[in-house]
Amino acid sequence: MERAAVVAGLGGWVPPTVVTNDQLAEVLDTTDEWIRSRTGIRERRWVSPGQSTGDLAVEAARRALSSAGEEAVDAVVLATSSPDRLCPATAPEVAARLGLGAAPAFDVAAVCTGFVYALATGAGMIALGAADSVLVVGADAFSTILAPDDRSTRVIFGDGGGAVVLRAGSPSEPGALTGLNLGSDGTLSDLIEVPAGGSRQRSTGLPAKTEDTYFTMQGQAVYAQAVRRMAESVRETAARTGWSLDEIDSFVLHQANARILTAVARRLSLPPERFLSNIGTRGNTVAASIPLALADTVASGELRPGHKVVLAGFGGGLTWGSVALVWPHLAVHPTELSEFAATSAGPAGSTV
Ligand code: COA
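Computed from a predicted structure; not experimentally measured.

This part covers the overall build of the protein chain. A count of helices and strands for the protein chain gives eleven helices and 13 strands. The C-alpha radius of gyration computed for the protein chain amounts to 19 Å, which stays within 12% of the reference 20 Å derived for 352 residues, consistent with globular compactness. If you line up the protein chain on its principal axes, its C-alpha atoms span 55 × 50 × 40 Å. Scored against the burial criterion, the 352 residues of the protein chain give a buried share of 55%. The contacts of the protein chain with a sequence gap of at least 6 include a subset with a gap of at least 24, amounting to 79%. With an accessible surface of roughly 14,100 Å², the protein chain has 51% of that area assigned to carbon and sulfur atoms. One way to put it: in the protein chain the 27 positive side-chain charges average out to a point 4 Å from where the 36 negative ones average out.

Rendered as structure tokens:
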């Protein structure tokens, strides 16, 4: 019988420190009105001093494992572009902290598409019989790599983690991933980058300029590409799945900007209400964005069992991808509350 990767657990986590638009307007040349009207973001969470991507990943993963009723998995795939260290990958330490023994664990770097790429990787391991269960995590602490004085990036990004447990199952059951579509365009790799810190800069033997150690983005060009590529990818995934666009109940896209979601809906001639969003309180949480949006919209009741749903991501690289599933029955812990809360919070301190 054909094996499918089935979503069997879901969890999200955000750090406790809320950063409002007004707080940012105190230290940057911006306003709450500009941020809300241009992005839809009202507030975001940022890590406390000492807290890292690995901490976000562990918290989200604990919730996903609990949601799945599992204590162990056969492999861990962590999507992140803000790893705890440049080397080694963050995933093995996350796996160790979760008590997952010698399970293979590695990072996938595809910026805001990272979670979809990681899902594809986990699903591939299951299809090959290399694993019967895979923990797929998306986590990023992008607040740590933004230039303190860059209003164009600092207002957009939030920190968080999200995770799903995939298990081997049948293609016909709810939760089975289908219609996967992935793509990239490296000719536009400069649109989203951290210029320094990699081998290209280090091999010059010159010290990195401070401004090159931070994340940069050409916002307008990225915006146009995000709308085009996510719309195309959603169409492709729907076609591969054998669904008409009209019969899809919910779209959970990368939460980059509320206006991007509306523009994709318009491009696909679909009602914008079907494009679920938590961007108002989360901002753009990079690789965590899609699983966090899933956790938040399951909690709010917007995403329900039986919904035909398409997940789509777009990010640096450039990269994009999407996948379809019928949403399964899952017990999901609230993202911000529950007995798991804040167990890895670092010392309190100002993060703005
Ligand atoms: N507050 C106030 N003004 C700001 C600002 C801020 N936080 N950030 C930028 N501006 C200014 C710019 O300096 C510019 O001023 P100018 O006209 O005097 O030069 C003006 O606002 C317009 O900037 P622009 O970049 O054209 O704004 P925009 O409407 O394109 O919105 C983004 C900017 C970043 C919100 C938008 O381009 C975007 O969302 N892009 C995609 C981002 C994304 O998805 N990134 C992740 C990809 S995975």
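So much for the structure itself; the text now carries on.
Turning to the sheet that holds strand E5 (residues 105-108), a few remarks are in order. What the five strands build is an open sheet, ordered E1-E7-E6-E4-E5; its pairing is mixed. The open sheet terminates on both sides in strands that have one partner only, identified here as strand E1 (4-13) and E5. Across the sheet, the mean angle from the axis of one strand to that of its neighbour is 20°, orientation sign disregarded. In this sheet, strand E7 (residues 160-169) lies alongside E1 in antiparallel orientation, the contact comprising nine bridges. Each bridged residue has a counterpart across the sheet, and for Leu 10 the counterpart in E7 is Val 164. The sheet contacts of helix H11 (residues 289-299) involve E1 and E7, and relative to E1 the element is tilted by about 80°.

This part takes up the site of the ligand. Residues in close proximity to the ligand total 24 residues, the closest being Thr 30, Arg 38, Arg 151, Gln 220 and Asn 257. One of the side-chain nitrogen or oxygen atoms of Arg 38 is found 2.6 Å away from an oxygen atom of the ligand. At 2.8 Å, a side-chain N or O of Arg 151 approaches an oxygen atom of the ligand. Relative to its unbound accessible surface of 950 Å², the ligand loses 74% to contact with the protein. Cavity membership is defined here by more than half of the atoms lying within 2 Å of grid points; on that basis the ligand lies in the second largest pocket. Elements supplying a minimum of two residues to the shell around the ligand: helix H2 (32-39), helix H6 (151-154), helix H8 (219-241), helix H9 (258-267) and strand E12 (308-315). Examining the composition of the shell around the ligand, we find that four residues originate from one element, H8, more than from any other. Looking at the shell around the ligand residue by residue, the class counts come to eleven nonpolar, nine polar and four charged.

Here we come to the pairing of strand E6 (residues 133-140). Counting buried positions along E6 yields eight of eight residues, so the element is predominantly enclosed. Where strand E4 (residues 75-79) lies against E6, five bridges are found, and the strand directions are parallel. Counted as the bridge partner of Ala 75 is Val 134 from E6.

This part is about the pattern of salt bridges. If you walk through the whole model with that rule in mind, you get 15 salt bridges. A salt bridge links Glu 232 to Arg 229, with the nearest nitrogen and oxygen atoms 3.4 Å apart. Remark: Arg 229 and Glu 232 occur in helix H8; sequence separation between them is three residues, near one turn of the helix. Overall, the relative accessible area of 13% leaves Arg 229 in the buried class. Of the charged contacts, one joins Arg 282 and Asp 296 as a salt bridge, the two residues approaching to 2.7 Å between their closest N and O atoms. Taken together, the residues Arg 282 in helix H10 (residues 279-282) and Asp 296 in helix H11 connect sequence positions 14 residues apart. Each member of the pair, Arg 282 as well as Asp 296, is classed as buried. When salt bridges that share partners are traced, they join Asp 185, Arg 228, Arg 229 and Glu 232 into one network.

Conventions and cut-offs
Residues numbered from 1 in each chain as written. Predicted model: local features only at pLDDT ≥ 70, side-chain atom pairs only at ≥ 80, totals over all residues. Heavy atoms only, no water. Helix = DSSP H or I, 4+ residues; strand = E, 2+ residues; numbered from the N terminus. Rg over C-alpha atoms; globule rule 2.2 N^0.38 Å. Buried < 20%, exposed > 50% of the residue type's maximum accessible area, 1.4 Å probe, protein only. Contact = heavy atoms within 4.5 Å. Areas by Shrake-Rupley, 256 points an atom, 1.4 Å probe, with all protein chains shown as cover. Lys, Arg positive; Asp, Glu negative; His and termini not counted. Charge placed at Lys NZ, Arg CZ, Asp CG, Glu CD. Pairing = 2+ DSSP bridges. Axes fitted to C-alpha atoms, helices over the stretch in contact; angles between N-to-C directions. Near = heavy atom within 4 Å. Polar contact = N/O pair within 3.5 Å; in protein donor to acceptor, adjacent residues only side chain to side chain. 1 Å grid on protein atoms, 1.4 Å probe; cavity = no way out; pocket = protein on both sides within 12 Å on 5 of 7 lines; lining within 4 Å. Sits in = over half its atoms within 2 Å of the grid points. Nonpolar A, V, L, I, M, F, W, Y, C, P; charged D, E, K, R; others polar. Salt bridge = Lys/Arg side-chain N within 4 Å of Asp/Glu carboxyl O.

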